[in-house]
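# Coordinate analysis (summary)
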Amino acid sequence: MKIISVVGARPNFMKVAPVHKAFNQLKIKNDKLKIEHLICHTGQHFDFNMSKVFFDELGLPEPDFYLGVGSGSHAQQTAGIMIEFEKILLNEKPDLVIVVGDVNSTIACSLTACKLHIKVAHIEAGLRSFDRSMPEEVNRILTDSISDYLFVTEKSGLENLKHEGIFDQKVYFVGNVMIDSLINLIPKADKSGIHSSLGLTKGNYIVVTIHRPHNVDFKEKLSEIIGMLNRLAEKRKIVFPVHPRTKKSMDNFGLMKNIHDNVILTDPLGYIDFISLIKNSELIITDSGGIQEESTFLGKQCITCRPTTERPITVETGTNHLVGDDFRTTEITANEILSGHKKQGVIPPLWDGKASERIVEIIINSFTH
Ligand code: UD1
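As a matter of local geometry, the ligand sits amid 18 residues, with Q44, H45, D47, E136 and K248 nearest to it. In this structure, S71 approaches the ligand through a side-chain N or O atom, which is 2.8 Å from an oxygen atom. H211 places a polar side-chain atom, nitrogen or oxygen, 2.9 Å from an oxygen atom of the ligand. Out of a free accessible area of 750 Å², the ligand has 88% covered by protein chains. Of all the secondary-structure elements, those providing two or more residues to the shell around the ligand are α3 (74–92) and α11 (244–252). Among the elements that make up the shell around the ligand, the one with the highest residue count is α11 (three residues). Each residue belonging to the shell around the ligand can be placed in one class, and the counts come to five nonpolar, eight polar and five charged. Shared between two domains, the shell around the ligand takes at least three residues from each, and those domains are domain 1 (2–176 + 351–368) and domain 2 (186–338).

Here is the structure:
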């Protein structure tokens, strides 16, 4: 049985790594199973610190295929990936393509496989923000509608897929592969030297990540964010690893000057250092998807500055505060948290480090029975 898993952008690497590991473990346990698990990197993210560092840290092998597509408009990027991926599929004729998450590589590769009648498994299916102005929402809906196996992380995903008329038989509630990676890498994160190298005291700083187009592509909005960070920096040190999209905007809008000394700007960090930073932080402010889940698992206060979340369990039972995209509300909430008003959370069902094993077992059973 031949399977190709697709990675493209930063949030994909930590989702495919534990799946690759689970396939390898199964092969060791049962050497009669003939499984070939190959990895295709579309090249959507290409900088060392957006891509290669994750392969190294997560123990992912060099990709078997590298499409080298890079950046571009949505149409260019998606179409470029489809054209290159189709060639791989025609040569390799895999039995299954696995895609993860919601980036442009996810829809590009699932659509290409589907049109060639190759089965598609979508890991992290069913999440919905109900905001179609987010490119990720469109990617999620379309990928789910053409997938044959839909692996769901939280119960909202089951409800959403039911409402969209997806057959129950295709849908599996398995937990969260990103949490598998987190659990696997915590021992290494605990040895990271990032705190001393940035001059931080554990438990006494804020981590910030902001990269969504609606927050960083407009000067007024990004200036508001920097203003808020400068005020919060009067109270706590802030570490802000700057995404390439955000960096471009800060440069273009001339916002790199007038940043408070307590705001530590860094390049995007590797996974191990980043996990170490959020695990020991007092507060996280983000517009990311995955960090909402990582913070809930780690029991860390997280403010999500977006009007909606596709991961509602992190707000309903986790430690996530969804505050909208008005940064005055973010600042008020941050000040409340810093003065001790913290939310208690619980870890969602099946976020136990075993999601990848469940997924691999379901796939193998379905192909061998
Ligand atoms: C993509 C995903 C988003 C995810 C994010 C994580 C889509 C639609 N969006 O957004 O869901 O949260 O990745 O990072 O797939 N760039 C570099 N070096 C790189 C990668 C990108 O300089 O290695 C630059 C690009 O040239 C571009 C900008 O960063 O100007 C944005 O990259 P792009 O891949 O278009 O989308 P992201 O904003 O990273």
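Here the focus is the packing of aromatic side chains. One pass over the full model with this rule turns up six aromatic pairs. Judged by centre distance (6.3 Å) and plane angle (15°), the ring pair of Y149 and F151 falls under stacked. Assigned by exposure class, Y149 and F151 land together as buried. Considering the side-chain rings of Y149 and Y172, the 6.4 Å spacing of their centres and the 20° angle between planes classify their relative orientation as stacked. Here the residue Y149 occupies a position in strand β6 (residues 149–152), and Y172 occupies one in strand β7 (residues 171–173), the gap between them amounting to 23 residues. A network of ring pairs unites the aromatic residues Y149, F151, Y172 and F367 as a single cluster.

Right, let's talk about the pattern of salt bridges for a bit. Using the criterion set out here, one finds 23 salt bridges in the structure. A salt bridge links K247 to D251, with the nearest nitrogen and oxygen atoms 2.7 Å apart. Residue K247 and its partner D251 are located together in helix α11, separated by four residues, close to a single helical turn. Since its relative accessible area comes to 35%, K247 is described here as partly exposed. What makes D251 partly exposed here is its relative accessible area of 39%. The partner of R311 in a salt bridge is E293, and the shortest N-O contact between them spans 2.9 Å. Note that R311 is positioned in the loop between β12 (302–304) and α14 (313–316) and E293 in helix α13 (residues 290–298), a separation of 18 residues in sequence. A cluster of three or more residues bridged by salt bridges with shared partners is formed by K15, D102, E124, E137, R140, E293, R306, E310 and R311.

A probe matching the size of a water molecule, rolled over the atoms, marks out where space remains unfilled. The computed volume of the second largest pocket comes to approximately 160 Å³. Along the walls of the second largest pocket sit A17, P18, H20, K21, N24, E57, L58, G59, S181, N184, L185 and K188, which together make up its complete lining. When contributions to the lining of the second largest pocket are tallied by element, the ones reaching two or more residues are α1 (10–29), α2 (52–58) and α7 (177–189). With five residues, the single largest contributor to the lining of the second largest pocket is α1. Of the residues that constitute the lining of the second largest pocket, the class distribution is four nonpolar, five polar and three charged.

This part takes up the pairing of strand β10 (residues 263–266). When strand β9 (residues 237–241) meets β10, the two strands line up parallel, connected through four bridges. Across the sheet, I238 pairs through a bridge with V263, a residue of β10.

Strand order in this open sheet of six strands is β10-β9-β8-β11-β12-β13, and the pairing throughout is parallel. Only two strands of the sheet have a single neighbouring strand rather than two, namely β10 and β13 (320–322). Ignoring strand direction, the axes of neighbouring strands in this sheet form an average angle of 20°. Relative to β13, β12 runs parallel, the two being bridged by three bridges. Within β13, the residue paired with C302 across the bridge is N320. Strands β8 (205–209), β9, β10 and β11 (283–286) of the sheet are contacted by helix α10 (residues 219–232), whose axis makes an angle of about 145° with β9.

Moving on, we come to the domain arrangement of the protein. Split by domain assignment, the protein resolves into domain 1 (2–176 + 351–368) and domain 2 (186–338). Relative placement of domain 1 and domain 2: their C-alpha centres are 27 Å apart. Each side of the interface is counted separately: domain 1 has 25 residues, and domain 2 has 22 residues. Both sides together, the interface formed by domain 1 and domain 2 hides about 1900 Å², and carbon and sulfur atoms give 56% of it. The largest share of the area that domain 1 buries against domain 2 comes from E57, E154 and W351, three residues that together contribute 29% of it. One can count four salt bridges joining domain 1 with domain 2. In this structure, R212 and E136 form a salt bridge, with 2.8 Å as the shortest nitrogen-oxygen distance. The interface formed by domain 1 and domain 2 holds six residue pairs in polar contact (both at pLDDT 80 or more) in total.

About the criteria used
Residues numbered from 1 in each chain as written. Predicted model: local features only at pLDDT ≥ 70, side-chain atom pairs only at ≥ 80, totals over all residues. Heavy atoms only, no water. Near = heavy atom within 4 Å. Polar contact = N/O pair within 3.5 Å; in protein donor to acceptor, adjacent residues only side chain to side chain. Areas by Shrake-Rupley, 256 points an atom, 1.4 Å probe, with all protein chains shown as cover. Helix = DSSP H or I, 4+ residues; strand = E, 2+ residues; numbered from the N terminus. Nonpolar A, V, L, I, M, F, W, Y, C, P; charged D, E, K, R; others polar. Domains from an automatic or database assignment. Phe/Tyr/Trp six-rings, centres within 6.5 Å; stacked < 30°, edge-to-face > 60°. Buried < 20%, exposed > 50% of the residue type's maximum accessible area, 1.4 Å probe, protein only. Salt bridge = Lys/Arg side-chain N within 4 Å of Asp/Glu carboxyl O. 1 Å grid on protein atoms, 1.4 Å probe; cavity = no way out; pocket = protein on both sides within 12 Å on 5 of 7 lines; lining within 4 Å. Points joined across faces, edges and corners; volume = space filled by probe spheres on them. Pairing = 2+ DSSP bridges. Axes fitted to C-alpha atoms, helices over the stretch in contact; angles between N-to-C directions. Contact = heavy atoms within 4.5 Å. Buried area = accessible area lost by both parts, 1.4 Å probe.

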